[in-house]
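Architecture at a glance
Residue-level listing of the chains:
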Amino acid sequence: KTIPGVGPWTQEMILLFTLERKNAFPVEDYHLQQSMIQLYGLDPNNQLKKRMKEIAETWEGNTSLACLYLWELRRLKILT
C-alpha cells in the first residue's frame, strides 16, 4: 500500500532518523548526491545513483553513519 506524497526519499529519512536504521541510504537526497559528486568525482549526468549505491556497498553496516558524516562535511563547509 502506498501513501500519497511519501516516496523513496521520505522512506529513507524515516528509516535513518526516526527508526535509526544503520543501513539507510537516501540516494535521492540532493545534498548527499552533491557531496558524493565532489568527494568521489562522480559524473552527475552518468548513472549517478547507480555509482552512489556501488560506493555505499563498501559502507555496509554503517551506511547511515556515512550519510551523516557527508551531510556534516557540507554543513561545516568542508564540502560545498
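Refer to the structure above for everything that follows.
What counts and how
- Per-chain numbering applies: the sequence of each chain, read as written, is numbered from 1 onward.
- Only residues with pLDDT of at least 70 are given local features in this predicted model, and only at 80 or more are side-chain atom pairs given and counted; all residues enter the totals for whole chains, interfaces and linings.
- No hydrogens and no water enter the side-chain calculation; it runs on all heavy atoms of the structure.
- Helix and strand definitions here come from DSSP, where helices need a minimum of 4 consecutive H or I residues and strands a minimum of 2 consecutive E residues; each element is numbered from the N-terminal end.
- Two things to know: the radius of gyration comes from C-alpha atoms, and the globule rule equals 2.2 Å times the number of residues to the power 0.38.
- Exposure is judged per residue with a 1.4 Å probe applied to protein chains only, and the accessible area is read against the type maximum: over 50% gives exposed, under 20% gives buried, and values in between give partly exposed.
- Whether two residues touch is decided by their heavy atoms; if any such pair falls within 4.5 Å, the residues are in contact.
- Under the convention used here, a 1.4 Å probe and the Shrake-Rupley method define accessible areas, while residue burial counts only the protein chains that appear.
- Each reported salt bridge corresponds to a side-chain nitrogen of Lys or Arg within 4 Å of a carboxyl oxygen of Asp or Glu.

1. Observations concerning the overall build of the protein chain
Helix and strand counts for the protein chain come out as four helices and zero strands. Taken from the N to the C terminus, the helices and strands of the protein chain come in the order α-α-α-α. Rg of the C-alpha trace for the protein chain: 13 Å, near the compact-globule value of 12 Å for 80 residues, within the 12% margin. Each principal axis of the C-alpha distribution contributes one length, and for the protein chain these read about 40 × 25 × 25 Å. With 80 residues in all, the protein chain has 32% of them scored as buried. For the protein chain, contacts bridging at least 24 residues in sequence account for 53% of all contacts bridging at least 6. Approximately 5700 Å² of the protein chain is accessible, and the part contributed by carbon and sulfur atoms is 55%.

2. Thoughts on the pattern of salt bridges
A complete count under the given rule lists four salt bridges for this structure. In this structure, the salt-bridge partner of Lys49 is Glu28, at a minimum N-O distance of 3.0 Å. On the criterion of sequence distance, the pair formed by Lys49 in helix H3 (residues 48-57) and Glu28 in the loop between helix H1 (8-18) and helix H2 (30-40) is long-range, its members being 21 residues apart. By relative accessible area, Lys49 is classed as partly exposed at 34%. Across the pair Glu54 and Arg51 runs a salt bridge, and its minimum N-O distance is 2.6 Å. Note that Glu54 and Arg51 are positioned in helix H3 at a spacing of three residues, about one turn of the helix. Among the residues examined, Arg51 registers a relative accessible area of 35% and is labelled partly exposed. Taken together, the shared-partner salt bridges in this structure form one network comprising Lys50, Arg51 and Glu54.

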